[in-house]
Amino acid sequence: MVAREKLSRLKEKFGTAIQRADLPGAGRLFVFVEPAALKAICQHVFRDLDARYIISIGADDRPFSGKFMVAHNFAFDKESLLTSIATYLPADNPKVDSISDVVPAANWAEREIHDLIGIEPVGHRYLKRLVLPDGWPDGVHPLRKDFAWNQVPEGYDDTREFKFDEPPEGCTVVPFGPFHPTLDEPAHFRLYIEGEMVRGCEYRGFMVHRGIEKLAESVLTYNDIPMMAERICGICGCVHNVAYAQAVESAAAIKPPPRAEYIRTIMLEIERLHSHLLWVGLACHIVGFDTLFMQSWRIREPIMWIAEKISGNRKTYALCVIGGVRWDITPEVKDELRKLLDKLEAEWTPVVAAVSKDKNIQKRTRGVGIADRALVKNMGLVGPVARSAGVDIDCRRDHPYAAYDRLDFEVITEGGCDVWSRVLVRAKEVFESIKIIRQCLEKMEDGPLQLTIKDELPVGRLGLSSVEAPRGESHHFVITGENNRPRRWRVRAPTYQNLQGIPAMIKDQQLADMTISLGSIDPCFSCTDRMETIDLKSGVTKVWTQEELLKLTRTKKT
Amino acid sequence: MSVLSKLKEAVICLKAGRVTLPYPAQAQPVPEKFRGRPIFDAAKCTGCGGCANNCPAREILLFDLCQEIRILQYLGRRCAYCGRCADVCPEKAITMSHEFETGTNSIGDIQQRVELFMSTCQRCGRCFKEPSTLEQLKLKGYRVDDVAHERWVFRSKSYLETEPVVDDIKIEMD
């Protein structure tokens, strides 16, 4: 067994620094180590054993063990193993050795632990505020258990301003965001520009941090959280829904019925189809190629309709509960889905054939937003960004979940490391998704949709789950708890890692390529609050205000 | 050759034709299973409070005015239309309607208030047989949500006080 072999290698090298280990089942390994040895062990795992860094988690465990906890998660993709290296820290003045100089990808995660839990990563070179808003008082940590979910901290100062770094000499600062037509969510980049070239940037984001993790561990219950989890993301919501349910199931050793696993797989692939078509359209829109934007969105629309037919909603499927799914796929829907897939394939094939030879789009995307193998390794980049650099990782194959271990599909990789390769990867993955759904419809067996859970879930157990979202790996970490809710739930969306690669991807590039480089990792689009209509007969142009649009939607009268 | 791919793209566009729908002037019919605004049927409701216990958005409030009268209020503001309330309702008193254009200038248009007559139970006064262990919440007995300020109170009681006043924010830590 791989987990045992890794554990014995660690024990050989570090001896008593490994306090205890837990091997709850295939593909999972939890190692509890001494705080002093944490950094050396992580370095060994990341560099010598060549694991991929996933995320670091901080947790306030004081009410239960009187200590704080820090865990660094790694993945051995070739050996289908997810590992968590955890350590417990004393309750007063918790400090842990920073691993960000040996694992650069841990930069954000450690800053987040510092912000939200108040554990200081000693030796972190850039310990600036990351998650908390500008006016939040220092020394107040909202994810600690003694901080109520609805508490407003004393000393909140609306007027306090964020201190940005000084730009390098000879550079001008160009602000990008928080509101920009190619960003759908607010994020602020301060770009350092020399002439037309971007020389660096500073990022200030987390402006829509909603505290869902805090709600989950203080207000919601196990079966409430899936419905909230899918609201983490507007495009890959079902991924979070499934990943959370699987993390809890893995912690509590629950196996959902086979039919539920197939339905999960089908819904995840339906989501991938719509997301890939959305993103290809969007990327084309960013570079000004609106023809393909319109066509790929037209081809996408019937997928939304079938999702609505299966789940009752276009996008928020509300699919999972712990131990199963809520919606069935009836024989009629099955037939309709098959027909839809045939049509989709017939429509998407000529589009890919036409676009892959189109010189215009290649001129805007080739050699732009370079993320090579070294960057992928150091920053922990995932999904199409990693696969466009020839890094062959895909959680569906590497850490099989739901019904993926019973299906046959290919992982698409390209070697260009640029935006063009990402377009190709995502365009081709559409065909793989079609293939997967067809196989599911063939192989799906009859049976119950949900497992009846009679006993309360065990307390204090750890669960991990990685799900391949359209944008990359989405990773959920759960510690089960009392009162029918988890003690700690940590979500790492793929963009969390991919965004950290952006400074390197846009460095020494034209300013005009910034938007597509950014767009290439994060498929989102900006909602506008006004629109323009032109009367074709009279040629009169009218600009609609937000109020007029609201009135139109509510009364349907102008 | 780029000209050729431009021609191919033109063919794709011409073949597609016009697909825009006349929304919002005319809406497409929604599928049978569509989850729109939940509708509460006062005639069927027994007041068990299962929906309120399992609403992820905490949009359903319960207030026990006295032993016999329970008020159930649906706030309709943050409701995610997930349909969990309809799932757990043992009497099928909640239906997910086909209404989705719920934009309004007055929130009262979508709110619902059900006043229920509760007969006295010998055990706790309010029983709810949960479909699975995970559906339970440790809030049994009498509930005193803050209906006036439309917010949940994370506490329940085994007896009714004469004046249930809850304004201390710390209490919500449970």
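These lines cover the structure that appears in this document, whether it is placed above or below. What you are looking at is a predicted structure, and each value in this text was computed from that prediction instead of being measured.

**Some remarks on the sheet that holds strand E5 (residues 112–117) of chain B**
Residues and elements named next belong to chain B.
And step 1. Ordered in space as E2-E3-E5, the three strands form an open sheet in which the pairing is antiparallel. The strands lining the two open edges of the sheet, one partner per strand, are strand E2 (60–64) and E5. On average, adjacent strands in this sheet sit at an angle of 15° to one another, irrespective of strand direction.
And step 2. Pairing of E2 with strand E3 (residues 69–74) involves five bridges; the strand directions are antiparallel.

**Concerning a nonpolar patch on the surface**
And step 1. Where nonpolar side chains cluster on the molecular surface, the patch consists of Trp305(A), Leu21(B), Tyr23(B) and Phe100(B) and spans about 380 Å² of accessible area.
And step 2. Its place among the elements puts Leu21(B) in the loop between helix H1 (2–16) and strand E1 (38–40).

**Overview of the pattern of salt bridges**
Residues and elements named next belong to chain A.
And step 1. Summed over all chains, the structure comprises 61 salt bridges over all chains.
And step 2. Between glutamate 482 and arginine 487 there is a salt bridge, and its shortest N-O distance comes to 3.0 Å.
And step 3. Counted as one network, the salt bridges with shared partners bring together Glu269, Arg272, Arg387, Asp394, Arg396, Glu429 and Glu468.

**Concerning the packing of helix H8 (residues 258–286) of chain A against helix H15 (residues 419–443) of chain A**
All names here are of chain A.
And step 1. Taken N-terminus to C-terminus, the directions of H8 and H15 make an angle of 155°; their axes are 9 Å apart at the nearest point. Here H15 runs roughly antiparallel to H8, going by the angle between their axes. Read as a crossing pair, H8 and H15 show a hand that is left-handed.
And step 2. By residue class, the composition of the contact of H8 with H15 is 15 nonpolar, four polar and six charged.

**Concerning the interface of chain B and chain A**
And step 1. Chain B puts 45 residues into the contact, and the matching count from chain A is 52 residues.
And step 2. Taken together, both faces of the contact between chain B and chain A bury some 4100 Å²; the carbon and sulfur share is 53%.
And step 3. Three residues, Lys33(B), Arg35(B) and Leu134(B), lead the burial of chain B against chain A; their summed loss comes to 18% of the area buried on that side.
And step 4. At the junction of chain B and chain A, the tally comes to three salt bridges.
And step 5. Between Asp87(B) and Arg326(A) there is a salt bridge, with the nearest N and O atoms lying 2.8 Å from each other.

**Some words on the sheet that holds strand E15 (residues 488–492) of chain A**
Residues and elements named next belong to chain A.
And step 1. Taken together, the three strands give an open sheet; going across it, the order is E13-E14-E15, and neighbouring strands pair in antiparallel fashion. One side of each edge strand has no neighbouring strand; the edge strands of this open sheet are strand E13 (462–469) and E15. Sheet twist, expressed as the average angle between the axes of neighbouring strands with direction ignored, equals 10°.
And step 2. Bridging between strand E14 (residues 472–479) and E15 involves five bridges; their strand directions are antiparallel. Opposite isoleucine 479, over in E15, you have arginine 488 as the bridge partner.
And step 3. Seen against the sheet, helix H7 (residues 237–252) touches E13, E14 and E15 and runs at an angle of roughly 150° to E13.

Cut-offs and rules
Sequence order as written defines residue numbering, which begins from 1 separately in each chain. Just so you know, chain letters begin at A and ligand numbers begin at 1, following the order they were written in. Owing to the predicted nature of the model, reporting of local features is limited to residues with pLDDT of at least 70; listing and counting of side-chain atom pairs is limited to 80 or more, with chain, interface and lining totals taken over all residues. Computation of side-chain values covers all heavy atoms of the structure but excludes hydrogens and water. A pair of strands is considered paired only if DSSP assigns at least 2 bridges between the two. For the purposes of this entry, the term helix denotes a DSSP run of H or I that reaches at least four residues, the term strand denotes a run of E that reaches at least two, and both are numbered from the N terminus. To get an axis, fit a line to the C-alpha atoms, keeping to the stretch in contact for a helix; angles then go from 0 to 180 degrees between the N-to-C directions. Each patch is built from salt-bridge-free residues with over 30% relative accessible area, joining like charges within 9 Å and nonpolar side chains (Val, Leu, Ile, Met, Phe, Trp, Tyr) within 5 Å. All accessible-area figures derive from a Shrake-Rupley calculation using a 1.4 Å probe, and residue coverage is judged against the displayed protein chains alone. Throughout this description, the term salt bridge denotes a Lys or Arg side-chain nitrogen within 4 Å of a carboxyl oxygen of Asp or Glu. When an angle is under 35 degrees it counts as roughly parallel; over 145 it counts as roughly antiparallel; between 65 and 115 it counts as roughly perpendicular; any other value is oblique. Helix crossings get a hand from a simple test, with the near helix turned counterclockwise from the far one by less than a right angle marking a left-handed crossing and a clockwise turn marking a right-handed one. Gly falls in the polar group here, along with every residue not listed as nonpolar (Ala, Val, Leu, Ile, Met, Phe, Trp, Tyr, Cys, Pro) or charged (Asp, Glu, Lys, Arg). Residue contacts are counted whenever heavy atoms from the two residues lie within 4.5 Å of one another. The term buried area denotes the loss of accessible surface (1.4 Å probe radius) that occurs when two parts are joined, taken as the sum for both partners.

Geometry only, nothing functional implied.
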